[in-house]
Amino acid sequence: MSLQILLNGLATGSIYALIATGFALIFNVLKFSNFSHGATMTAAAFAAYFLVSANGAGLAATLAVAGIAGAAIALFGEFVGFRRITLNHSSSTYFFVSSITLGTLYEGLVTVKVGSNFYNFPRFFTNPTINLGDFVISTSDIMMFTISMVALIILAYVIQKTRLGRALRAVSFDRDTAQLMGIDSTRIIQLTFVISGVLAGIAGVFLGIKYTLYPTLGSLVVKGFIASVIGGLGSLTGAVIGAVLLGVVETILLSVLGSGYSTIATFAIMLVFLLLRPQGIAGSNVQEKA
Amino acid sequence: MKKILAITLALVMAFSLVACGGSTSSSTPASTAEPASTPASASEAGSETSEGGEILIGCLQDITGATSALGMSVQAGAQAAVDEINANGGINGKTLVMNTYDTRGDVTEAVNAYITAVTVDEVSLIIGPPVANIANAIKETSEEYDVPVLGFALDPTCQLKDDGTPYKNMFCFQPSATDQGKIMAAFAVQNGLETFGILYNQENSYSLSLLDPFTDELAAEGITVDESLIVPYGSSDTDYRTLLQPIVSAGVDAIYCPNYTQELVAIVTAATELGYEGKIVCGLDAAPSFNTTYGGDCSNVYYINNINTDDPTTAEMAASVEDSVSAVNKYFLGYDVVMIAKQCIEEAGLDDPAALLSAIENVADYEGLTGKITIDPATHMPKDMAMFMYTYDNQTPVMLGEFAG
């Protein structure tokens with residue numbers, strides 16, 4: 001197997017990791033799969049494109065604005081789509097329907113705004129590639145991998161080492177008990193959506209750099225969902241491992257089997273894996289709401 | 001009480017949406033007028049709509065969805081022609097009205113929109129899509145009606161049945177994939193390119209239809225493309241670097257990519273990231289706005305185009321719309337086909353659908369902005385229509401020559 005293929009797989013896996021982590025965060029706290037996450041990525045990436053990068057701003061400003069936009073969109077979604085459902089302890093079906101509806105709404109709004117044109121982020125790097133001996137690594141992939149890892153390390157630190165993180169973990173464990181212990185659960189849920197939105201914004205920009213910007217860009221959230229299932233739903237570490245594994249396996253199979261069969265083989269391997277280890281890599285078996 | 005309030009609110013919202021035009025057809029500003037009367041059948045639509053002083057035509061395009069930029073460009077060109085026709089007195093004194101129907105890039109939506117256009121709105125003819133998948137989806141259904149579809153799907157299977165006879169209503173008004181593939185291959189060979197890799201979308205009729213004509217023409221010139229370097233991909237594939245890896249490693253002179261703009265941008269980006277320095281030969285969708293979307297130096301990209309931007313009239317018209325239209329060549333196709341429709345309606349009228357079909361089948365030597373168009377009645381596609389090969393000087397299009405079909 002070529003090392004080049006492995007590098008390509010790691011690059012793909014690092015994007016999946018960003019998507020999967022945002023996905024896993026919400027699942028961790030509210031125990032439902034937020035299918036509006038993909039459309040949040042797209043909307044945040046387009047917001048960053050129109051607000052800053054189309055006006056000549058660099059990657060840092062683009063990522064910052066995408067993060068803020070993603071946080072704002074996720075916060076809006078939490079308030080409009082999930083707040084009352086959460087407070088009423090409503091049936092899990094409502095979370096599912098609400099997240100699908102929000103996602104469709106965001107995607108529709110983006111389509112109306114951008115459907116008539118093609119968009120791509122400007123070239124952020126003078127040299128698109130770096131040569132390491134016989135291997136070529138894309139500058140954007142290195143940047144993507146580095147920033148993804150930094151973002152995930154910061155997230156891990158916040159969750160494991162800060163008061164805020166402890167509160168988040170407490171709410172994810174038992175929301176009502178956490179509330180009785182003096183933790184403002186609603187505030188913590190809002191914070192979770194903000195973090196998830198920031199990750200969505202960053203992932204959206206990287207997806208846009210890699211695949212160009214288009215209204216259905218967020219459909220790649222399915223890969224993040226699969227990665228978080230492989231990793232063990234709700235586990236952040238598992239989501240990252242699952243994402244990198246998925247990226248690498250996909251790339252190797254694509255290289256060996258070509259298109260078509262590689263997709264079949266990827267999903268077949270995943271099904272076999274889940275058959276043998278239904279709780280995922282991380283081992284936490286959570287009953288999903290929806 | 002709360003329940004009643006909620007139901008009332010939902011009903012009010014539903015009615016508001018319907019009032020705002022929540023049907024499958026999205027009308028252009030000029031198309032809000034209803035047909036004057038309701039004919040008994042679609043085939044009678046033309047004569048009946050004429051009574052109200054209007055001629056209603058449909059424009060079936062991807063207004064939303066993955067290829068919306070193409071559909072909206074055709075729609076804009078068609079609307080410009082409609083406006084021009086009406087400013088000059090309409091067709092036989094009647095105002096031309098165009099309803100636009102959004103296929104949303106989805107074959108099911110496309111069939112539903114087509115049926116709405118011919119059975120509910122009873123349009124006289126339809127300006128068809130430039131997307132082969134959509135044209136392929138409606139071709140069988142179109143056989144049940146007498147409403148011509150004047151489209152641009154260059155895959156011959158959109159126009160021709162398995163037995164080689166044409167679908168009676170399906171027409172293509174740009175050179176077929178067979179012609180375009182041959183032109184691109186001939187151009188490549190003429191420019192000294194000898195070894196090729198191919199990356200094509202096996203789920204896309206457009207991409208697939210351009211594969212064989214290209215390799216066949218190369219074979220006729222004594223060039224065989226190594227099977228391992230003909231790489232298919234699907235709509236779910238996004239890792240173009242891995243797909244391109246064997247082609248780039250083989251050090252080919254050129255990569256042939258008959259793909260849509262969005263995919264081309266990602267493919268050219270991936271090839272550059274892999275350090276590829278050869279040529280990339282593309283289809284129509286590498287025409288502007290590919291260059292601005294890609295954003296980098298695309299001097300190694302070669303593409304085929306319908307229009308000659310060295311022609312002053314074409315250049316002036318292209319310059320006037322390039323800020324508002326993504327795919328300028330599609331704008332010209334839309335414009336030309338509405339003008340051809342006008343000519344056919346003037347010639348055959350709308351009372352006899354067979355006469356209108358015959359007029360369209362026998363369009364000859366029509367001097368359009370996309371060239372001289374003569375429809376072959378046997379194939380419902382243009383014959384001997386020339387096209388133009390281009391490259392870029394960094395990001396500026398450079399016309400390299402005209403090639404006969």
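Residues numbered from 1 in each chain as written. Chains lettered and ligands numbered in written order. Predicted model: local features only at pLDDT ≥ 70, side-chain atom pairs only at ≥ 80, totals over all residues.

### Describing the overall build of chain A
- Check the secondary structure of chain A and you find 11 helices and 2 strands.
- The C-alpha radius of gyration computed for chain A amounts to 19 Å, which stays within 12% of the reference 19 Å derived for 290 residues, consistent with globular compactness.
- Each of the three principal axes of chain A carries a C-alpha extent, and together these read 60 × 50 × 35 Å.
- The buried share of chain A, taken over its 290 residues, is 51%. (Helix = DSSP H or I, 4+ residues; strand = E, 2+ residues; numbered from the N terminus. Rg over C-alpha atoms; globule rule 2.2 N^0.38 Å. Buried ≥ 20, exposed ≤ 12 C-beta atoms within 10 Å, placed from the backbone.)

### Considerations on the environment of Gln279(A)
- In this structure, Gln279(A) sits in the segment after helix 11 (261-276).
- On the neighbour-count criterion, Gln279(A) (14 C-beta atoms within 10 Å) is partly exposed.

### Brief notes about the domain arrangement of chain B
All names here are of chain B.
- Domain boundaries in chain B define domain 1 (23-175 + 316-373) and domain 2 (177-305 + 387-403).
- Taken together, the contact pairs 13 residues of domain 1 with 15 residues of domain 2.
- If you list the elements that add at least two residues to the side of domain 1 that touches domain 2, you get helix 5 (132-142) and helix 13 (328-348).
- Among the elements that line the side of domain 1 that touches domain 2, the one with the most residues is helix 5, at 3 residues.
- Among the residues making up the side of domain 1 that touches domain 2, the classes are represented as 6 nonpolar, 5 polar and 2 charged. (Domains from an automatic or database assignment. Contact = placed C-beta atoms within 7 Å. Nonpolar A, V, L, I, M, F, W, Y, C, P; charged D, E, K, R; others polar.)

### As for the packing of helix 3 (residues 59-87) of chain A against helix 8 (residues 185-211) of chain A
Residue and element names in this part refer to chain A.
- Between helix 3 and helix 8, the least distance of the axes is 6 Å, while the angle of their chain directions is 140°. In this view, helix 3 runs oblique relative to helix 8, as classed from their interaxial angle. Considering only the axes of helix 3 and helix 8, their crossing is right-handed.
- Taken together, the residues that form the contact of helix 3 with helix 8 break down as 14 nonpolar, 10 polar and 1 charged. (Axes fitted to C-alpha atoms, helices over the stretch in contact; angles between N-to-C directions. Parallel < 35°, antiparallel > 145°, perpendicular 65-115°, else oblique. Left-handed = near helix turned anticlockwise from the far one by under 90°.)

### Focus on the pairing of strand 10 (residues 279-282) of chain B
All names here are of chain B.
- Because side chains alternate across strand 10, one face comprises the buried residues Lys279 and Val281, and the other comprises Ile280 and Cys282, equally buried.
- As defined by bridge partners, strand 9 (residues 254-257) adjoins strand 10 across 4 bridges and the pair is classed as parallel. When the bridges of strand 10 are listed, cysteine 257 appears paired with cysteine 282.
- Taken together, strand 9, helix 10 (residues 261-273) and strand 10 constitute a β-α-β crossover, and its handedness is right-handed.
- As defined by bridge partners, strand 10 adjoins strand 11 (residues 301-305) across 3 bridges and the pair is classed as parallel. Bridge pairing links isoleucine 280 to valine 301 in strand 11. (Pairing = 2+ DSSP bridges. Right-handed = clockwise from strand over helix to strand, strands pointing away.)

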